[in-house]
Amino acid sequence: MTDIIQLLPDHVANQIAAGEVVQRPASVVKELLENAIDAGATEIKLIIKDAGKTLVQIIDNGKGMSVTDARLSFERHATSKIKTAEDLFQLNTKGFRGEALASIAAIAHVDLKTKRPQDELGTAIEIEGSIVKTQDVSVTPVGTSVAVKHLFFNIPARRNFLKSDTVELRHITDEFHRVALAHPSIGFMFYNNGSELFNVPQENYRQRIVHIFGSKTNEKLVPVEEETEVLKISGFVGKPEFSKKTKSEQFFFVNDRFIKSPYLNHAINAAFDGLLKDGYHPSYFLNLTVDPKTIDINIHPTKTEIKFDDEHTLYAILRSAVKHSLGQFNIAPVLDFEQQSNFNTPYNYKDKSASAPAVDVDRSFNPFSESSGKTNVSYKKAPATSWESLYVGLESKSNNTPSNFGEVTFESDTKSTSIFSEGSIETTKTTFQLQQKYIVSTIKSGMLIIDQNRAHQRILYENFLKHITIKEATSQQLLFALQLHFTPSETKIIEDLKADLEHTGFVFSELNDKNITITGVPVGVPESEVSIILEQLISDVENDVPDANFSATDLLAKSMAKSLAIKNGQSLNSNEQEHMVNSLFACKEPNVSPANRPTFVTMAVADIEKKFM
């Protein structure tokens, strides 16, 4: 038999590694930004075109590379970060695998320009699909510039799996936020399609948070500081009243590296227990400093998962530190057991005993007496006679009063008739509500059960689509203008959807990076729901934007319908139930909700009869 096991060529192995390291353009941004930080850069520029599909370029002023290092950096497992296996537990750098540049070069066109401070000329290398096309000397500033073009050019299937530009740009922005927040001592610039999105200088941590998430973030932050033998905590948490329905402002950094940890996130939620509304999440920006020997980063190629030696201790310290900060800054309610000075006995009266107060009572006072003067009132005990005698003579006081209560007639005397009588004119109730979640109605073949939330979503969805399409929606003016504050990236989403929002009934008097002022809302939308609707819309755009087959109009209609639809648990009267049923079956697609879930089910009489067999 012939041998069947063989070594894979380098370009194939690189493409396999790229499947783990480079999942989307945001992965390229993360790896290149971390390389720039490891190179000691103090200024880093990120340039993006077409959400990274056409170009991802990182320019830094770091220490650069020699000619040999520049060429060797694109080989697999070639790195300057570690030399032995023991170095994995003494990591002070972002990268250490030596796979990033080799993986990127295997699936894209890469142009590298680099120069060290001591060199007169730099090096320029062009690589396409792991193949070095050119390598020359170049006149370039000190530092390194890496331009990644035409990502996944040789893997069209992977390129087709990429989402829309909005979604991919959101992922890139998230990676930029994580790196920029972890290193406030480094200045960052971020350009997308020629326009500047971020320009943050070297600053302290609080200023960096405010620069990224908007000026209004400053008043939301509560500082957290704690230092123990095993853990040092520094950073900020958001006040409970500024919590969000999304987890977009939750950042953990361990030794200046962004991580995801559901276990530590639970510690934060435990510290906020009782302070948040249901369905809302706290904001936090926390830096954890631990001994590198106590953590293991080498778990996943993305390096966002970390194993701790003693997670339970970290959990307890983190929870108590956050809870202490919330109480220290009067965010959490506390019990004050110190007695107020107003309740203390004066010094001059401390030896005096209390005496009974003297109260004068006029026992002869009768508020019902006809005379204004004082009269002596005597009380007689009523004779023990039958109760019928108390009503003797009542008929003489009024001639109009009937002596027999049976003769009394009332203005609205209800007539009770049997439901089985032939002359009954009462209408039969055709619907009823089951557990304040389902509307049950009868049909000719049996029974109809409607999910009230999904049905209302379908009704609102088609109404919003109609208003947006014909552009004739009505709006109700607010008595006082409503001011909302979002992060710059969230405000950009609102700006992109402004025209469609106005067609649904929203009226904007101001819309910029700092303020969003709304003077009108769609009819039927309460003012208190406006911020919730826009937050839900932003979340849907960031996470659930469909491909190009769907328009932003469709997404807007779906998002608003989901926000405004009646929730399960809401009671409906008979008229509302019937209106819901009639409106649902007046829709073009009554069978499914906007999310393609069934809105109702039917149960035939034959199916019901089988239950009794």
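If you're wondering where the values come from, they're calculated on a predicted model, not measured in any experiment.

Participant: Residues and numbers for the overall build of the chain, please.
Facilitator: Across its full length, the chain holds 17 helices and 22 strands. A buried classification covers 40% of the 613 residues belonging to the chain. Within the chain, counting contacts between residues at least 6 apart in sequence, those at least 24 apart form 68% of the total. As presented, the chain carries roughly 37000 Å² of accessible surface, and 51% of it is formed by carbon and sulfur atoms.

Participant: An account of helix H9 (residues 311–328) is needed here, citing residue identities and associated values.
Facilitator: Taking 1.5 Å as the rise per residue, H9 with 18 residues should run 26 Å; its terminal C-alpha atoms sit 25 Å apart, in good agreement. Listed as buried for H9 are Leu-314, Tyr-315, Ile-317, Leu-318, Ala-321, Val-322, Ser-325 and Leu-326. Buried residues along H9 sit in contact with strand S9 (221–227), strand S10 (232–238), strand S11 (250–254), helix H8 (262–271), strand S13 (284–289) and strand S15 (307–308).

Participant: A description of helix H2 (residues 25–38) should follow, citing residues and the corresponding values.
Facilitator: In this model H2 runs 20 Å from its N-terminal to its C-terminal C-alpha over 14 residues, within 8% of the 20 Å that 1.5 Å per residue would give. A large share of H2 lies buried, amounting to 13 of its 14 residues. The positive-phi residue at the C-terminal boundary of H2 is Gly-40, with phi of around 80 degrees.

Participant: Could you give me a rundown of the packing of helix H6 (residues 165–182) against helix H7 (residues 205–213), with the residues and numbers involved?
Facilitator: At a closest axis distance of 9 Å, the pairing of H6 and H7 adopts a crossing angle of 160 degrees. With respect to H7, the axis of H6 lies roughly antiparallel. At the point where H6 passes H7, the crossing takes the right-handed sense. Mapping the contact onto sequence places His-177, Ala-180 and Leu-181 in H6 and Tyr-205, Arg-208, Ile-209, Ile-212 and Phe-213 in H7. A breakdown of the residues in the contact of H6 with H7 according to their chemical character gives 6 nonpolar, 1 polar and 1 charged.

Participant: Quick one: what's the story with the sheet that holds strand S20 (residues 507–511), residue by residue and with numbers?
Facilitator: A sheet is described by the order of its strands in space; here 3 strands give the open sequence S19-S21-S20, paired in antiparallel fashion. Each edge of the open sheet carries a strand with a single partner, namely strand S19 (475–484) and S20. For this sheet, the mean inter-axis angle between neighbouring strands, taken without regard to orientation, is 15 degrees. Of the pairings in the sheet, the one linking S20 to strand S21 (residues 516–522) comprises 4 bridges and is antiparallel in character. Opposite Leu-511, over in S21, you have Ile-516 as the bridge partner.

Procedures and definitions
- Residues numbered from 1 in each chain as written.
- Predicted model: local features only at pLDDT ≥ 70, side-chain atom pairs only at ≥ 80, totals over all residues.
- Heavy atoms only, no water.
- Helix = DSSP H or I, 4+ residues; strand = E, 2+ residues; numbered from the N terminus.
- Buried < 20%, exposed > 50% of the residue type's maximum accessible area, 1.4 Å probe, protein only.
- Contact = heavy atoms within 4.5 Å.
- Areas by Shrake-Rupley, 256 points an atom, 1.4 Å probe, with all protein chains shown as cover.
- Expected span 1.5 Å × (residues − 1).
- Axes fitted to C-alpha atoms, helices over the stretch in contact; angles between N-to-C directions.
- Parallel < 35°, antiparallel > 145°, perpendicular 65-115°, else oblique.
- Left-handed = near helix turned anticlockwise from the far one by under 90°.
- Nonpolar A, V, L, I, M, F, W, Y, C, P; charged D, E, K, R; others polar.
- Pairing = 2+ DSSP bridges.

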